[in-house]
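Spelled out from the first residue to the last, the chains are:
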Amino acid sequence: MTDAATGELIVHGAEWTTKQLFVYPNEFIYWSIQIVMYPYMTGLVAGAFVLSSLYHVFGQKDLKDMARFSLVFSLCLLPVAMMPLQFHLQQPLRGVNVMFTPHFTSAIAAFGFVFSAYAVIVISEVWFEYRQYFIEQSIALKGKKSTNETLLRWFYYTLALGSRDLSEKAIAVDKKAVTILAAIGIPVACFLHGYAGFIFGSVKANALWMSPLMPVIFIMSAVVSGIALCMLTYIIIMQWKKFQAVLAKGMGDESVVVIEGVQMDVLSKATRYLLGFLIAAITLELLDLIFRGYTAMKSWDILREVMFKADFFKIFILQYGLGNLIPFLLLVVPKQQTIKKLTIALVLLLFGVFMMRWNVVIGGQAFSLSFAGYMHYTLPIIPHSMETYKEGLFGALTVVATPYLLFWIVSKFVPSIRYS
Amino acid sequence: MSCSRRDLLKNTLKGAAVASLPLSALKVLSPAEVKATIGDSDTRWVFLVDIQKCVGCGFCVKACKIENDVPYDVGVTRTWVERYVVTKDGNTNIDTPLGGRDGYNSDMIHGEHIDPDTITKAFFVPKLCNHCKKPACVQVCPVGATYQTKEGCVLVDRKWCIGCGYCIMACPFGARFFHPTLKVAEKCTFCYHRISKGLKTACVQACPFGARQIGNLKDEKDPVSQTIMTKRVGILKDEYGTQPQVYYIGLDERVR
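Only a predicted model underlies this, so the values are computations on that prediction, with no experimental measurement involved.

Peer 1: Before we go on, may I ask you to explain the interface of chain A and chain B in this structure?
Peer 2: Often, the extent of an interface is quoted as the loss of accessible area on bringing the components together. At the interface, 45 residues of chain A touch 52 residues of chain B. Both faces combined, the contact of chain A with chain B buries some 3800 Å², and carbon together with sulfur accounts for 62% of it. Sorting the residues of chain A by area buried against chain B places Phe22, Asn26 and Lys204 of chain A first, and these three jointly supply 17% of that buried surface. The interface formed by chain A and chain B holds 1 salt bridge in total. Notably, a salt bridge pairs lysine 298 of chain A with glutamate 239 of chain B, separated by 3.4 Å at the nearest N-O pair. Here chain A and chain B share 28 residue pairs in polar contact (both at pLDDT 80 or more) between them. The set of elements that each furnish at least two residues to the side of chain A that touches chain B consists of α3 (97-100) and α6 (168-201) of chain A.

Printed below as a string of structure tokens:
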């Protein structure tokens, strides 16, 4: 790549890497913000799906309202799990080579297949869940004259894939299919994400990443972030509905009270699951840290320097303190939970999991393979080239915004939020 | 001899099946042919670095960059030379400005002046891809774009590499980088294009002191092979289990 202003060649990674002391000449922070986003986004997909499956498979009836929403939301998150990888590749057009010549000794090679299998499961589950709705819509729109409605009817007709059967037997089959798919989906979702952890955990050259606990840690924090995001999005949508109801019918109307009651009920039940996974995630992470300190292998000297000095603020204040401890207290301590407190706790949790990904991905490259030098990462904020956009703040924001854009589009045809 | 219609049909079918067997299916392969098919070769390229002979002139780095079209003025390089300066207080000062391309003629290391009187020992360590027997980079490439030749060289297919950087992360030696203009993984090839024609690598040819040598480990008469077999040699970062094939004479425990 060439710098537009000076015409000088720029090495990939040199723009955001500062070296200190002895670092090998070829070392840079090659895996930057998009590789932080990648496990974060796959984590959200897996977490959202697991949440929806808790209802479908284990019959957790209290999660019924969340289940449908989180299923549709995990559908919208699907393409987003791929995005960071595409943004990160130096040869994005060749990304598909992974499917053509998968080299199965590589942890990344199976990604295409695991991900596709998972996508098929999620898409099929959504289809079975909404088959009845698609048929009903295409029947209801029959005979309507306007172009829009005709188009919409054909759209639903296509979505139903030619199926017209609304008998009780057929609907029972739908339900059964959803349950089976959700059951298969849980191990696949965990595998998809655990395996994102394996991609890091198996890099023997990297002292921070190499740990057999990495995949399990990744799954647990993935479920935490997935549930937290679903709850947060649910809150936002329900608040919006409440606001609309207030505008239409006034503050004291029955529908407003109903929305509020349903919302709090659903949320407090989801919180219990969230807490369980949060405790598991933190326990494993601390175990990993203590084990490293206790065994004190060759790499511990430089790891300790990075963790307790250079990255202390990011790891112990932002990740464990602000991102784990405070939300944990907010969720556990007060008997009377309020939407406001819950929202703060959820936002902090999402931030905490993001910081965990950051500290693993960037932190793992904060020291040289020589163990005699450091590298510092500066996130490119204002992009001045394609590379600084893709691997900078705005690239990351594009990735974050996409699932919401997709959800907005999908919701026009597939309603996933009902409070009645 | 009687022959029923059924027998005739049966035997005709059997005969046809035998006749349709291609002759090649029964061909006996010679041991040499078998060896060629399963990918064995009578060459295993290895590299020998004599640290005691290196003066840190950087000619090897220059020659490599020019020979292999690695942009001259960028920090990344296929081969580099590190300087180690150990002082009386036990500190090891290490640097490699621009990969040691321009040689070492300053007393400054990372902005600090090193007083010559405090130095207990100092030496230079040339580095390059170790063309490991069990290369971690080949293991992790998701598309098989990086591979090992029969002669043990680890190469990159520039037309197939997707630029994910997993191989760069997996290499414990920091031998890999992204080529600044081609945007694919790049590394030392032992000058495969030269050695397969009987030439020496660019760095070996450029070294005025014979600190670098390339040889064939499978040839007992090869001087490099003889040195590795009979002298005390070391390798870098044994603990990663990749079995590096760049051997060092005079390796110090402080070498990273």
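Moving on, there is more to tell.
Peer 1: Quick question: what am I supposed to make of the pattern of salt bridges here?
Peer 2: Pairing is possible between side chains that carry opposite charge, provided their charged atoms lie close to one another. Residue and element names in this part refer to chain B. Inspection of every chain in the model, using the stated rule, returns 18 salt bridges over all chains. With a closest N to O distance of 2.8 Å, arginine 101 and aspartate 102 form a salt bridge. Since its relative accessible area comes to 7%, arginine 101 is described here as buried. One salt bridge in this structure joins arginine 158 and glutamate 186, with 2.9 Å as the shortest N-O distance.

Peer 1: In this structure, what is going on with the packing of aromatic side chains? I would like to understand it.
Peer 2: The geometry of an aromatic ring pair is captured by the separation of the ring centres together with the interplanar angle, meaning the angle of the planes. Residues and elements named next belong to chain A. Within the structure shown, the criterion is met by 39 aromatic pairs over all chains. Here the aromatic rings of phenylalanine 69 and phenylalanine 407 are separated by 5.5 Å at their centres, their planes lie at 90°, and the arrangement is edge-to-face. Remark: phenylalanine 407 occurs in helix α13 (residues 393-411) and phenylalanine 69 occurs in helix α2 (residues 64-88); sequence separation between them is 338 residues. Both residues of the pair, phenylalanine 69 and phenylalanine 407, count as buried. Measuring from ring centre to ring centre gives 5.8 Å for phenylalanine 316 and tyrosine 320, while their planes differ by 40°; the resulting arrangement is tilted. Of this pair, phenylalanine 316 and tyrosine 320 both sit in helix α10 (residues 312-332), 4 residues apart, which is roughly one turn of that helix. For tyrosine 320, a relative accessible area of 15% corresponds to the buried category.

Peer 1: Looking at this structure, how should I read the sheet that holds strand β6 (residues 119-127) of chain B?
Peer 2: Hydrogen bonds between backbone atoms are what pair the strands of a sheet, whose relative direction is either parallel or antiparallel. Residues and elements named next belong to chain B. Read across the open sheet, the 3 strands follow the order β3-β2-β6; overall the sheet is antiparallel. A strand with exactly one partner marks an edge of an open sheet, and here the two such strands are β3 (92-95) and β6. Between one strand and the next, the sheet's axes are offset by a mean angle of 15°, whatever the strand orientation. Where strand β2 (residues 80-87) lies against β3, 4 bridges are found, and the strand directions are antiparallel. Counted as the bridge partner of valine 86 is threonine 92 from β3.

Conventions and cut-offs
Each chain has its residues counted from 1, following the order in which its sequence is written. Whichever chain is written first is A, and whichever ligand is written first is 1; the rest continue in order. Since the coordinates come from a predicted model, pLDDT governs what is reported: local features require at least 70, and pairs of side-chain atoms require 80 or more to be given and counted, while whole-chain, interface and lining totals use all residues. The basis for the side-chain values is all heavy atoms of the structure; hydrogens and waters are excluded. When checking whether two residues touch, look at their non-hydrogen atoms; a contact exists if any pair is within 4.5 Å. Two parts placed together each lose some accessible area under a 1.4 Å probe, and the buried area is that loss summed for both. For this analysis, a salt bridge means a side-chain nitrogen from Lys or Arg found within 4 Å of a carboxyl oxygen belonging to Asp or Glu. By the criterion applied in these results, polar contacts are pairs of N or O atoms within 3.5 Å in which, for protein atoms, one can donate a hydrogen and the other can accept it, and in which residues neighboring in sequence qualify only through two side-chain atoms. Starting at the N terminus, helices and strands are each numbered in turn, a helix being any DSSP run of H or I of at least four residues and a strand any DSSP run of E of at least two. With a 1.4 Å probe rolled over the protein chains alone, any residue whose accessible area is under 20% of its type maximum counts as buried; one over 50% counts as exposed, and the rest are partly exposed. Pairing of aromatic rings covers Phe, Tyr and Trp, the last through its six-membered ring, and needs centres within 6.5 Å; plane angles under 30 degrees mean stacked, over 60 mean edge-to-face, and all others mean tilted. A strand pair is defined by DSSP finding two or more bridges across the two strands. Here an axis means a line fitted to C-alpha atoms, over the contact stretch when the element is a helix, while the angle between two N-to-C directions is reported on a 0 to 180 degree scale.

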